[in-house]
Structures are given as C-alpha cells and as structure tokens.
Amino acid sequence: MAGTTRAGGPSGGFRAALGALRAAQKTSKGVSLYSRYVNRPLGRVLAAAAYRVGLTPNLVTLASAVCSFAGIAAVALVRPSWGLGVAVWGALVVGFALDSADGQLARLRGGGSPAGEWLDHVVDCAKIVAVHAAVLVSFHRFGQLPGEGWLLLPLGFQLVAVLVFFGGLLTDKLRPRGGDAGAARPPSAWRAVALLPVDYGVFCVLFLLLGGPELFRAAYAVLFGCYAVFLVAFGGKWFRELSAPSRA
C-alpha cells in the first residue's frame, strides 16, 4: 500500500495519484453521461498531473478560469468561423475538465476548504453569466440576425442557466442530510441520458457550430428550450423537496 504525502495524498508519481483518484470518485447519481464518461475521467487525468507537479486546488480553479474566459472572450471579440469554433470548444472543454479536476485534487490531498469551494462556485457563476453575454455581443457585432428579437435569446438563456445553477446548488446545500432514501440506489441510466441537454460539456459542443451562424442560432435556441423545460420541471421538484417536513 502506498504511503501518503502532501496533506494526506498518495506517495509516488502520476500513476499512483491516478489510481488513488479512481478509488475516490463521487457518486454518479444525478450526473449526465458526458460528465460521467468524458469530463470526470479527463479531470481525473488533469488532477493527477496537477498533484504530480505540486499545484493546489485553488491554482487548478484559476487555471480553469483562464481557459474558460479565454474561449469566452474569443466568442465576443473574433468574427465567427469554423476554426474559431474549434478553438473555443477546446478552451471551454479544458476549462470544464479543470473545473472537475480541482475538486478531485482536493479530495486526493485530504479534503477541500470553504474558501476553495467558494472560489470554485464564484468562477462557475461568472463563467455562466459571461458565456451568454459573449454570445449576445457576437450576435450584435457579427450576427446579421433575421430580427432584433434574437438579441433577447442570450439574455433569456443567461437567466435560465443561472437559475438552474443556483437552484441545484442551493437545493444540495439546504437538503437535510441523511434523509435521502434514494441515495443507496444505483445511478439511473435514463436520467443520465435525460440530463445531457443541460450538461455544460454538451453546451460547449455547441460552439463547434460557430462557422455556421444559422446552425449555431438554431442549436442555441433548442438548448435554451431544454434548459427552460429543465428549470420548470426540476425547480418544482426542488421546492417540494425543501418544503417537505424533515424526518428525524
């Protein structure tokens, strides 16, 4: 059995850290297929590499912010093209994987901190607000839109995405611990598929369509509809959960 170092992490190199991370994954309950099979494994590799070179979880969070906001800035500042779409997708995907890696690295090192969790959520919130603002700027600068009403779409998407993010986050924080009867059940396959349209990794794929403005607008509108349906369905569910009397 490997020894420990760096605040409780495993001794050894990249392989030892990767093995320890595989054994310390969070539950897959309520996680989409993309996050389960793409983002978390990629984040695991990045977390092991970060551990190997001695980075802290907060530095990984900041690296995630740099990658994500570089891609977001490009959406607002550069005329859309197929090449730009690939570059933006790559930056957002790496940023999202690093967003998974910071938490995995914190667990590998023996646990995170309230300050680290705060930083992670603040970056996530800023990313959600900024990416839709960047789409709005791109529509205005480069869009050649069929009508000015399309400028309202990013604003609506931004509002719904922020509500989904904070609604889910607050429900998790406010839900009574130890009273979830379904916690022991295995992850639902159908739910993992149903969550795909509102997974941020799938949203990142949308930017591969930047070279085709009509395709991008149509796909963006469809995803907005998915987020709106999700907010209505799960917002009611979250409220009912928190309204139910807690069980002793």
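Here is what the cut-offs are and how they apply
Residues numbered from 1 in each chain as written. Predicted model: local features only at pLDDT ≥ 70, side-chain atom pairs only at ≥ 80, totals over all residues. Heavy atoms only, no water. Helix = DSSP H or I, 4+ residues; strand = E, 2+ residues; numbered from the N terminus. Buried < 20%, exposed > 50% of the residue type's maximum accessible area, 1.4 Å probe, protein only. Contact = heavy atoms within 4.5 Å. Areas by Shrake-Rupley, 256 points an atom, 1.4 Å probe, with all protein chains shown as cover. Patch = residues over 30% accessible without salt bridge, like charges linked within 9 Å, V, L, I, M, F, W, Y side chains within 5 Å. Salt bridge = Lys/Arg side-chain N within 4 Å of Asp/Glu carboxyl O.

Honestly, the overall build of the chain in this entry has me stumped. Any pointers?
Tallying secondary structure elements over the chain gives nine helices and two strands in all. Starting at the N terminus and walking to the C terminus, you meet the elements of the chain as β-β-α-α-α-α-α-α-α-α-α. Counting all 248 residues of the chain, 38% fall into the buried class. Within the chain, counting contacts between residues at least 6 apart in sequence, those at least 24 apart form 81% of the total. Total accessible area on the chain is roughly 13000 Å²; 68% of this is exposed by carbon and sulfur atoms.

I keep staring at a nonpolar patch on the surface and nothing clicks. Help me out?
Where nonpolar side chains cluster on the molecular surface, the patch consists of Val53, Leu55, Leu59 and Leu62 and spans about 350 Å² of accessible area. Checked against the element boundaries, Leu55 lands in the loop between helix H2 (33–53) and helix H3 (57–77). Its relative accessible area of 34% is what places Leu55 among the partly exposed residues.

What is the right way to read the pattern of salt bridges from this model?
Side chains that differ in sign of charge can pair as their charged atoms come close. Scanning the entire structure with this criterion turns up five salt bridges. Linking Glu117 and Lys173 is a salt bridge whose minimum nitrogen-to-oxygen distance equals 2.2 Å. Remark: Lys173 occurs in helix H6 (residues 152–174) and Glu117 occurs in helix H5 (residues 114–142); sequence separation between them is 56 residues. Since its relative accessible area comes to 42%, Lys173 is described here as partly exposed. As a salt-bridge pair, Asp124 and Lys127 come within 3.7 Å of each other at their nearest N and O atoms. Of the two residues, Asp124 and Lys127 both sit in helix H5, three residues apart, roughly one turn of that helix. Summarising the burial analysis for this pair, Asp124 and Lys127 share the class buried. Among the charged side chains, a salt-bridge network with shared partners connects Asp99, Asp124 and Lys127.

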